[in-house]
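Observations on the three-dimensional arrangement
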Amino acid sequence: MTDKNNNSNETVAATTIDHTTTLLIDKHVEYIVKLGSKKDSFEYWVTEHIRMNGMYWGLSSLYLLKSLGNLDKNEILPWLLSCQKPNGGFGGNTSHDDHLLSTLSAVQILVQYDALDKIDINLVVNYVVKLQKEDGSFIGDQWGEVDTRFSYAAIMCLSLLKSLDKINTEKAVEYILSCQNFDGGFGSIPGAESHAGQIFTCVGALSILNKIDKIDIDKLGWWLSERQLPNGGLNGRPEKSSDVCYSWWVLSALSAINRLHWIDNDKLKNYILKCQDNETGGIADKPGDMPDVFHTFFGICGLSLMGYFKDQIESIDPVYALGTKTLQKLGLTLPWNKNL
Amino acid sequence: MSSSEEDNGYVPFSKRPEWSDVKPIIQDDGPHPICPILYSEVFKDKMNYFRAVLKSKEKSLRVLDLLEEVIQENPSNYTIWYYRREVLKAIEQDVGIEYDIQQEMNLLDDMGESDPKNYQIWNHRRFIVEKYIGSDNKEKEFLSGVLLEDAKNYHAWSHRQWLLKTYGDWNGELALVDKLLSLDHRNNSVWNHRYFVISNTNPSPFPLSLIERECEFAFNHIRHSPNNESPWSYLKGLFKGQQISTIYPSLLDKLIEMKSKYIGCSHVNSIILDIYQEQNTKFSLENSLNICKLLSETIDPIHKNYWNFKYNSILDQLKSTN
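As the structure is a computational prediction, the values presented were derived from the model and not from experiment. (Residues numbered from 1 in each chain as written. Chains lettered and ligands numbered in written order. Predicted model: local features only at pLDDT ≥ 70, side-chain atom pairs only at ≥ 80, totals over all residues. Heavy atoms only, no water.)

Let us now look at the interface of chain A and chain B. Interface size, as often reported, equals the accessible area lost upon joining of the parts. Taken together, the contacts link 53 residues of chain A with 47 residues of chain B. Summed over both partners, the interface of chain A with chain B buries about 4700 Å², with 57% contributed by carbon and sulfur atoms. Where chain A meets chain B, there are 2 salt bridges. A salt bridge links B:Glu229 to A:Arg227, with the nearest nitrogen and oxygen atoms 2.5 Å apart. Our count for the contact surface shared by chain A and chain B stands at 14 residue pairs in polar contact (both at pLDDT 80 or more). Listing elements by their share of the side of chain A that touches chain B, those giving two or more residues are helix H3 (42–46), helix H4 (51–64), helix H5 (73–82) and helix H11 (217–225) of chain A. The residue makeup of the side of chain A that touches chain B, split by class, is 15 nonpolar, 18 polar and 20 charged. (Contact = heavy atoms within 4.5 Å. Buried area = accessible area lost by both parts, 1.4 Å probe. Salt bridge = Lys/Arg side-chain N within 4 Å of Asp/Glu carboxyl O. Polar contact = N/O pair within 3.5 Å; in protein donor to acceptor, adjacent residues only side chain to side chain. Helix = DSSP H or I, 4+ residues; strand = E, 2+ residues; numbered from the N terminus. Nonpolar A, V, L, I, M, F, W, Y, C, P; charged D, E, K, R; others polar.)

Encoded structure:
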């Protein structure tokens, strides 16, 4: 090849990376790593109370892209530990009050880094256990907001800490089942509209407790597969528009109940790829929108679950939303996981 | 940024005489902050005084004012909402302090209007209604306002459902459903709400008279757009705990008529399949197999794996009836 050809080939390559057929791995890694340094952005300080969640999404994305080493564990862990309150729970950031959701993200990050030994596990367990109500439901913090998301967070957290025996699992299951609706889906509280995000949490919790057989799996599978729109993307409830994050909520639930093939995988893959930003990296909710770490994580998760780009991305477990290999190391059984 | 905010009339707390006794606490992120934030000077000032009252555990009316200022800056900060509830509880018990709880509702109404999807605002609202208001008073009116702006707001609907379960005033709910469906009959949240209202005000399983009425209701909307998923799910849901072929056998004829009218509609075919499977005769099951093929190959190929699964289950069912 001549110099002239080389130059023109490189120029052509740089401007015509087809993000609709390729996963822009390096760009996404770059995007995530840069997020931590954009400290003067409005978005940065408005989301500071959910930094723990953001950290989990970012780190997990890097793990999936085989690039966990690109962020410094020795900077992150002390910050994470500084978010723990005396009662054992974790806040969303330093000086923020404890909440079950940030506690879960903190534990997930510690599992990711194989650093559970850095915390007093019993203290965290006791914090979570106290959040169960008499009817089996869970509240998110001392103020009593009940939501099936919290059932999932509590059950998953305790499962990772090998302490499920400390809660009333029977009542927990009973409450979750009371949230199943006439259309086969689940809502946030009994009677609330079926929503893919809530379904993911209910299916996840029931799977961990080995009680998934208590629901009408085919009916739910059908409701979930109906989320696919002609553009290949998935929505979260009937007649709403598609959003990349549903590639996780819907897909993981379908995967956990062994019905992943009930949606058109190729069409969804193409939709996710179209949502990539080929200038900054990262994945957006819809093609052409601004990316964020939340949608970046869930887009990559969707591709991983469907088994695309197998050599380049790690396998994610649909129930725990952590790497399959990571969970195996922890000694957890994952009967729904096809990648064992 | 800070000079323009001063121009906007913001008075730093240090210059407010009523706060002269309080020493602000500056945020300490440690020597090597991993996630240092670049706040505005105004925000920093408010947070410095918030930290001070948090530490001194002061619970007074001036703290309520301070908290209101801070929460406007960042409505999702649940620590601030938590402390506000602590302050309200303390004020309630202090006979020397008077605070009209309606002011709290006014704050929630305003903030809820600007930020209708904020979890913390809805959670605080639920707390105040349950603990201090004790009825659904003006709540339903407020909620109807939110829903007219965004009829799919999940928080508003679940708050309404919580309200109905707690205070039991079911009047006007079906009228609201009718109104919202007339504006958008594809709104799944409204269909869900109708089901919620019907199932909480009638015995279960539903009596035939109710089923007939609700089927007709669903069909009215289906006639406008046969491919609208929600009324079909609603229709199927009416028969929960019963068999369509037992309780309402003439429905099948109606559906077969619709099937020939709405040729590309997967939903009508799907419910016919359900009925045929219930009937469990050679005739009905063989018809089902043809419908599955039609769905898989022509009407709904994006779901061909599902329809093939249905085909195989029905085939198994057919084999065991012979």
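All names here are of chain B. Here Arg 125 shows up in helix H6 (residues 119–133). Accessibility expressed as a relative area gives 2% for Arg 125, which makes it buried. When neighbours within four sequence positions are excluded, Arg 125 is seen to be in contact with Met 105, Leu 108, Asp 109, Glu 139, Phe 142 and His 159. (Buried < 20%, exposed > 50% of the residue type's maximum accessible area, 1.4 Å probe, protein only.)

To continue, consider the side chain of A:Asp183. Within the secondary structure layout, A:Asp183 lies in the loop between helix H9 (169–177) and helix H10 (196–208). For A:Asp183, which is buried and forms no salt bridge, the nearest opposite charge comes from A:Arg227, at a distance of 6.9 Å. Within the structure, A:Asp183 has its side chain in polar contact with the backbone nitrogen of A:Gly185 (distance 3.1 Å). A polar contact is formed between the side chain of A:Asp183 and the side chain of A:Ser194, at a distance of 2.6 Å. In this structure, A:Asp183 is in contact with A:Ser194, A:Lys219, A:Trp223 and B:Ser233, ignoring residues within four places of it in sequence. (Lys, Arg positive; Asp, Glu negative; His and termini not counted.)

All right, on to the environment of B:Leu315 then. All names here are of chain B. Take Leu 315: it is sitting in helix H17 (residues 304–321). Looking at Leu 315, the relative accessible area reads 24%, which means it is partly exposed. Sequence separation between Leu 315 and Pro 75 is 240 residues, and the spatial gap between their C-alpha atoms is 57 Å.

It is worth spelling out the confidence of the model for chain B at this point. For chain B, the mean per-residue pLDDT works out to 91, and 93% of the residues sit at or above 70. Every residue in residues 1–7 of chain B scores below 50 in pLDDT, and together they form 5 contacts with partners more than four places removed in sequence or on other chains. (pLDDT = per-residue confidence, 0-100.)

Our focus in this paragraph is unusual backbone geometry. Outside of glycine, negative phi angles account for most residues, and trans bonds account for most peptide bonds. In this chain, B:Ser204 is followed by B:Pro205 through a cis amide linkage whose omega measures 0°. For A:Asp114, which is not a glycine, the phi torsion comes out positive at approximately 50°. You can see A:Asp114 is positioned in the loop between helix H6 (100–112) and helix H7 (121–129). You can call A:Asp114 exposed: its relative accessible area is 56%. The backbone of A:Phe309 sits at a positive phi, close to 50°, despite the residue not being glycine. Counting through the fold element by element, A:Phe309 comes out in the loop between helix H14 (293–306) and helix H15 (324–330).

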